Amino acid sequence: MTAPLVLRGNTWKFGDNVDTDQIIPARYAIYSLDEKKLGEHAMEDVPDNEGWSKKVTAGDILVAGSNFGCGSSREIAPVAIRSAGISAVIADSFARIFFRNSINIGFPILQSPQAAEAIREGDQLEVDLEEGVIKNLTQGDEYQAEAFPEFMTELIHMGGLAPWVRKRLEEKRAAGLLR
Amino acid sequence: MGMNMTEKILARGAGRESVRPGDLLLAKVDFAMGHDLTIPPASKIMREQMGATKVWDPERLAVVQDHFQPAKDTASAALGKTTRDWAREMGIKWYFEVGDGGICHTVLPERGLVLPGELIVGADSHSCTYGALNNFATGVGSTDLACVLSLGELWFRVPETLKFVYHNRLREWVEAKDLILRVIGELTVDGARSKAMEHTGEALKHIDMEGRLTMTNMAIEAGAKNGIMEYDEVTEAFLKDIAKRPYTPVSSDPDAQYEKVFEFDAEKVELSVAKPMSPDAYAPLSEVAGVKLDQVFIGSCTNSRIGDLRRAAAVLKGRRVHPQTRLLITPSSTETARMAEREGLLRIFYDAGASWTVSTCGACLGGHMGVLGEGETCLSTTNRNFPGRMGHPKALVYLSNPVVAAASAIAGEIIHPAEIMKREPIAV
């Protein structure tokens, strides 16, 4: 696994249905290969949230409501959040493409309605990615994230989809199955 | 136990007899799409992280220059160039240059590249559009696209399916756009999250392929994985002479399973809008009539096909856009533009004081050619209006059908098109 197994950080809290145009506005999509720049503009179009990425300390954790990352398919959404210094996102639920993109790039996400509701802005959290256990050190509380299907856990352990594809390509090459 | 259309296509792709919602599959992809924002990262991931040197099948991929093309600045020029060079190097058969294609989700259906029964992915969230043609089509990110480019296959979770039955017929003025806005208003932007939306019923028989594409286009606005429709005479006629491959339609078994069935009386659907700042902020038009407009935009993969432009032109003919409002019209494809020119629609638009642009995604995503400033209000025929989507996060965007948009541009405020048609056209 590429990411550390236990993360510790302070919480930034967001609401329901935060879409990818708020996470990283399309006007920055032209910088899709410049992760640093994307990080500087992460969450910029969330109303009244300008300058957010400057306030993030590396390792902080983003906690959101339902359907986080809805809207466009842009993979730069999780990339921007990661590049801003966020180590993981916990949400009540994730929009489908954001969910896939995060798993695929090896960015830790956890789904826990209980945690999403109880955690407050600024709470210090300790997240065990392997066990899916979220400890709220500020409130002295603990929440269990939903388990991923086995295949997704395998992808997460490999560090994302790319290493999995690389392995499959090599297997196909070895078996003489590639054109 | 029977399967529905979505399940049948995924089962075939995975080489399985049957599948159930929740199953994770590795399935073969029949066709894929990427554009100037998604090909650059996907091609880089494919080469550098996956170690693939060529595309699985250069005849089964479309690459479209549409989002920030013609390039608006040097950064988007670099993306266009990367996309162009890569498509050339890979020998991509269906490469659409600026001036050749248009907006990807209009180009692929009109060129007969996305067909019934197929499993299609596009690196763009509105790839769900193609499902009106009786296929499974879904939007993915760049790493997923890179996986398809490398292997021609991708992992999928078989979705639960929501079935929609539309009874009766839409009334005069009311369009497919109004119907889908009403549906999303009821479902919410989270209501179909990761699920399939299967549209059926009497009302659809009277909705042409363009209207159907408008409906499946917006599946993602309810969070859905895909939107799908049955194969019928309309589908068959649309694909006649243009289908690029032989195809096999699918239909849902009589005992297919659905998580939930929604029934709508199409006759009761009114002219609709989505209010700022979410596609599920449904309101009947009457509730927002009178809202003053700075900009009206008729464009995008949702509502700027030739039928949309014809209906807008019928309202604009002999009338002028309100002096305090600007109207931008962006045709959905070069083919659409060509037809509009041939039919004399451009003259009507210019005489009305509208501006006409090259076919591009442009203003829909706040990209270029019509970005909204702080505090401006826009009525748009596009698909989503989350904060910042079309420009400044404090711009207000309403969504509507193109006839309401054209009429409202004349009035300078949101209005029922029948009100405009009552006014005598002025001589131009």
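Here the structure is a predicted model, which is why all the values come from computation and not from measurement.

Cut-offs applied
- Residues numbered from 1 in each chain as written.
- Chains lettered and ligands numbered in written order.
- Predicted model: local features only at pLDDT ≥ 70, side-chain atom pairs only at ≥ 80, totals over all residues.
- Heavy atoms only, no water.
- Helix = DSSP H or I, 4+ residues; strand = E, 2+ residues; numbered from the N terminus.
- Rg over C-alpha atoms; globule rule 2.2 N^0.38 Å.
- Buried < 20%, exposed > 50% of the residue type's maximum accessible area, 1.4 Å probe, protein only.
- Contact = heavy atoms within 4.5 Å.
- Areas by Shrake-Rupley, 256 points an atom, 1.4 Å probe, with all protein chains shown as cover.
- Lys, Arg positive; Asp, Glu negative; His and termini not counted.
- Charge placed at Lys NZ, Arg CZ, Asp CG, Glu CD.
- Pairing = 2+ DSSP bridges.
- Buried area = accessible area lost by both parts, 1.4 Å probe.
- Salt bridge = Lys/Arg side-chain N within 4 Å of Asp/Glu carboxyl O.
- Polar contact = N/O pair within 3.5 Å; in protein donor to acceptor, adjacent residues only side chain to side chain.
- Nonpolar A, V, L, I, M, F, W, Y, C, P; charged D, E, K, R; others polar.
- Axes fitted to C-alpha atoms, helices over the stretch in contact; angles between N-to-C directions.
- Disulfide = S-S within 2.5 Å.
- Parallel < 35°, antiparallel > 145°, perpendicular 65-115°, else oblique.

Peer 1: Hey, could you go over the overall build of chain B for me, with residue numbers and the actual values?
Peer 2: Looking only at helices and strands, one finds 15 helices and 18 strands in chain B. Its C-alpha radius of gyration of 21 Å places chain B within 12% of the 22 Å reference for a compact globule of 428 residues. Its C-alpha atoms give chain B principal-axis dimensions of roughly 60 × 50 × 40 Å. Sorting the 428 residues of chain B into buried and exposed places 65% on the buried side. Long-range contacts, defined as pairs at least 24 residues apart, comprise 77% of the intrachain contacts of chain B with a sequence gap of at least 6. Element-wise, carbon and sulfur atoms account for 49% of the exposed surface of chain B, whose accessible area totals about 14,300 Å². Taking the average place of the 48 positive charges on the side chains of chain B and the average place of its 55 negative ones, the gap between the two points comes to 2 Å.

Peer 1: How would you summarise the pairing of strand E1 (residues 6-13) of chain A if you had to cite specific residues and measurements?
Peer 2: Residue and element names in this part refer to chain A. Sheet topology places E1 next to strand E5 (residues 124-128); five bridges connect them, and they run antiparallel. Residue pairing in the sheet places Val6 in a bridge with Asp128 of E5. Two strands pair when backbone bridges link them, and E1 and strand E2 (residues 61-64) are joined in this way by three bridges, in the parallel orientation. Bridged to Thr11 within E2 is Ile61.

Peer 1: Help me get a handle on the pairing of strand E6 (residues 136-139) of chain B, residues and values and all.
Peer 2: Residue and element names in this part refer to chain B. The two faces of E6 match: Phe136 and Thr138 on one face and Ala137 and Gly139 on the other face are all buried. When strand E5 (residues 119-122) meets E6, the two strands line up parallel, connected through four bridges. Along E6, the bridge assignment pairs Val121 with Thr138.

Peer 1: How would you explain the interface of chain B and chain A if you had to name every residue and give the values?
Peer 2: It is common to give the size of an interface as the accessible area lost on bringing the parts into contact. Counting residues at the interface gives 53 residues for chain B and 45 residues for chain A. Summed over both partners, the interface of chain B with chain A buries about 4,100 Å², with 59% contributed by carbon and sulfur atoms. At the boundary of chain B and chain A, one finds five salt bridges. Here Glu153(B) ties to Arg168(A) by a salt bridge, and the two come within 2.4 Å at their closest N and O atoms. For the pair chain B and chain A, the interface holds 20 residue pairs in polar contact (both at pLDDT 80 or more). Here the side of chain B that touches chain A is composed, by residue class, of 26 nonpolar, 13 polar and 14 charged.

Peer 1: So, the sheet that holds E5(B): which residues are in play, and what are the values?
Peer 2: All names here are of chain B. Spatially, the five strands line up as an open sheet ordered E4-E3-E2-E5-E6, and their pairing is parallel. This sheet does not close on itself; its edge strands, each paired only once, are strand E4 (94-96) and E6. Between one strand axis and the next, the sheet turns through 15° on average, direction left out of account. In this fold helix H1 (residues 5-14) packs onto E5 and E6, with an angle of close to 90° to the strand it touches most, E5.

Peer 1: Could you give an account of the sheet that holds strand E7 (residues 141-144) of chain A, with specific residues and numbers?
Peer 2: Residues and elements named next belong to chain A. Ordered in space as E4-E3-E2-E1-E5-E6-E7, the seven strands form an open sheet in which the pairing is mixed. Two strands in the sheet have a free side with no partner beyond their single neighbour: strand E4 (109-111) and E7. Neighbour-to-neighbour, the strand axes of this sheet turn through a mean angle of 30°, independent of strand direction. In this sheet, E7 lies alongside strand E6 (residues 133-136) in antiparallel orientation, the contact comprising four bridges. By the bridge assignment, Ile134 is partnered in E7 with Tyr143.

Peer 1: Can you tell me about the state of the cysteines, naming the residues and giving the values?
Peer 2: Residue and element names in this part refer to chain B. By the definition in use, this model includes zero disulfides over all chains. Cys301 forms no disulfide, and the closest cysteine sulfur to it belongs to Cys364, at a distance of 6.1 Å. With a relative accessible area of 7%, Cys301 lands in the buried category.

Peer 1: An account of the packing of helix H4 (residues 76-83) of chain A against helix H5 (residues 96-105) of chain A is requested, with residue identities and associated values reported.
Peer 2: Residues and elements named next belong to chain A. Taken N-terminus to C-terminus, the directions of H4 and H5 make an angle of 60°; their axes are 8 Å apart at the nearest point. The angle between H4 and H5 falls in the class oblique. Residue-level inspection shows Ala77, Pro78, Val79, Ile81 and Arg82 of H4 in contact with H5, the latter providing Phe98, Asn101, Ser102 and Ile105. Here the contact of H4 with H5 is built from residues that sort into six nonpolar, two polar and one charged.

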